[in-house]
Amino acid sequence: MNATQTFRIASIPADGVGKEVVSAGRRVLDALAVSSDGKFSFEWTEFPWGCGYFATTGQMMDPEGLETLKDFDAIYFGAVGWENVPDHVSLWGLRLNITQNFDQWANIRPVKFLPGVRSPLRKADDTELDWVVVRENSEGEYAGLGGRNLSGRGPGNEVALQTALFTEKGCERIMRFAFDLARTRTVKKVSSVTKSNAQQYGMVLWDDVFKRVCVDYPDVQTESVLVDAMSAKFILKPEELSVVVASNLNADILSDLGSALAGSLGLAASANLNPERRFPSMFEPVHGSAPDIAGQGISNPIGAIASAALMLDHFGLHEEARRVEAAIEQATATGHLTRDVGGNATTDDVTEAIVAALSRSLTAV
């Protein structure tokens, strides 16, 4: 009998609904492990970092937190942000602190249209839509370069500079990642998002690298689209999309648009990957801490659970990941929907429906 493979996961629920959805995701993964006949298990270590931690310590995470996290197999993250901490402080103090220092340079955000979830996009009623946004996650507009200066000259004279960083290596590695991903999909196509008509340095470099990388993937269709035109394409011609690769800011905005078109940000999963596996990768829903509904038990756990499926893929448990995704689809198809997607189910209701569907699929195998 083979020994059980144990995956050590650092759990960081952080703030607001992050606590609720991380708990839901852990329930699903633990149920999957119990049913694996000893094939694998999960060892969880939870960390209390976030805005609550900041209130008592003045820091978003322990000063030795990165050193602690580096030995885990993965990080399962909830959401960051609360009214007691400015957003730029909370984000850079925790989430970006992890992604930047662990060089999690590839951010994957699938856009999934689930059965039973009504999309505001009419085309989704009779057209099969399925694409993924690949986001450069380490530089671009979120590199953290710049500053605020000249405030000493008096009111109205301060200057702020926010410098976008584009390196040839950074552009190339995320583009090759996108092309390699496209080769695994039914529609082998990569759409590059640019704004080189107005940003004549960074985005022109992006375009030049894309043209060069394209040559190495003759089997993959390609296109280069301005970001404003791509936002329109998400709505008007989404059936033409498969893999969309974009810089940090552009992909951040477009992926939220895609999730909204699928029905809700509550459905959106993501993976922050260090593909070389020098550091642990981090998996999180993208919906944020949602202070307006936190603690009410009505948050949508699907984004977090779908992120857990991405984590299973990262562990090489591809069959199990597909089972989790199928269980999500069964739950939504049978009407287990939270308020953000037109239902009245609670977080627990949806989680239990997914666990039950997963149990049925495992029994049938």
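Thresholds applied
- Residues numbered from 1 in each chain as written.
- Predicted model: local features only at pLDDT ≥ 70, side-chain atom pairs only at ≥ 80, totals over all residues.
- Heavy atoms only, no water.
- Patch = residues over 30% accessible without salt bridge, like charges linked within 9 Å, V, L, I, M, F, W, Y side chains within 5 Å.
- Areas by Shrake-Rupley, 256 points an atom, 1.4 Å probe, with all protein chains shown as cover.
- Salt bridge = Lys/Arg side-chain N within 4 Å of Asp/Glu carboxyl O.
- Helix = DSSP H or I, 4+ residues; strand = E, 2+ residues; numbered from the N terminus.
- Buried < 20%, exposed > 50% of the residue type's maximum accessible area, 1.4 Å probe, protein only.
- Pairing = 2+ DSSP bridges.
- Axes fitted to C-alpha atoms, helices over the stretch in contact; angles between N-to-C directions.
- Phe/Tyr/Trp six-rings, centres within 6.5 Å; stacked < 30°, edge-to-face > 60°.
- Lys NZ or Arg CZ within 6 Å of the ring centre and 35° of its normal.

**Regarding a nonpolar patch on the surface**
Turning to step 1, where the next piece is worked out: A surface patch of nonpolar side chains, about 240 Å² in accessible area, is lined by Leu150, Val159 and Leu161.
Turning to step 2, where the next piece is worked out: Considering the arrangement of structural elements, one finds Val159 in strand S7 (residues 159-165).
Turning to step 3, where the next piece is worked out: Relative accessible area serves as the criterion here: at 34%, Val159 is assigned to the partly exposed category.

**Looking at the sheet that holds strand S1 (residues 5-14)**
Turning to step 1, where the next piece is worked out: Spatial strand order, S2-S1-S3-S12-S11-S4-S5-S10-S8-S9: ten strands in an open sheet with mixed pairing. In this open sheet, the two strands that pair with only one neighbour each are strand S2 (40-46) and strand S9 (221-226). Averaged over all neighbouring strand pairs, the angle between strand axes comes to 25 degrees, with direction disregarded.
Turning to step 2, where the next piece is worked out: Here strand S4 (residues 106-112) pairs with strand S5 (residues 130-136) via seven bridges, running antiparallel. In the sheet register, Pro110 faces S5, and the bridge partner there is Val132.

**Remarks on the packing of aromatic side chains**
Turning to step 1, where the next piece is worked out: In this structure the tally under the stated criterion is 13 aromatic pairs.
Turning to step 2, where the next piece is worked out: When the ring of Trp131 is compared with that of Phe234, the centres are 5.2 Å apart and the planes differ by 75 degrees; the resulting orientation is edge-to-face. Taken together, the residues span a long stretch of sequence, with Trp131 in strand S5 and Phe234 in helix H7 (residues 227-236) at a distance of 103 residues. Taken individually, Trp131 and Phe234 each receive the classification buried, so the pair is uniform in this respect.
Turning to step 3, where the next piece is worked out: Positioned above the aromatic ring of Phe72, the side-chain terminus of Arg8 is 4.4 Å from the ring centre.

**Concerning the pairing of strand S3 (residues 74-79)**
Side-chain direction in a regular strand flips from residue to residue, so the side chains alternate between the two faces of the sheet.
Turning to step 1, where the next piece is worked out: The element S3 is extensively covered by neighbouring structure, given that six of its six residues are classed as buried.
Turning to step 2, where the next piece is worked out: Bridge analysis of S3 against strand S12 (residues 281-285) gives three bridges, and the strand direction is parallel. Each bridged residue has a counterpart across the sheet, and for Ile75 the counterpart in S12 is Met282.

**What to know about the pattern of salt bridges**
When their charged atoms lie close together, side chains carrying opposite charge are able to pair.
Turning to step 1, where the next piece is worked out: Considering all chains together, one arrives at 28 salt bridges under this definition.
Turning to step 2, where the next piece is worked out: Where Glu46 meets Arg26, a salt bridge forms, and the shortest distance between an N and an O atom there is 3.1 Å. A residue pair is termed long-range when its members are at least 10 positions apart, and Glu46 in strand S2 and Arg26 in helix H1 (residues 18-34) qualify at 20 residues.
Turning to step 3, where the next piece is worked out: Its salt-bridge partner being Arg95, residue Glu284 comes within 2.6 Å of it at the nearest N-O pair. Taken together, the residues Glu284 in strand S12 and Arg95 in helix H4 (residues 87-101) connect sequence positions 189 residues apart.

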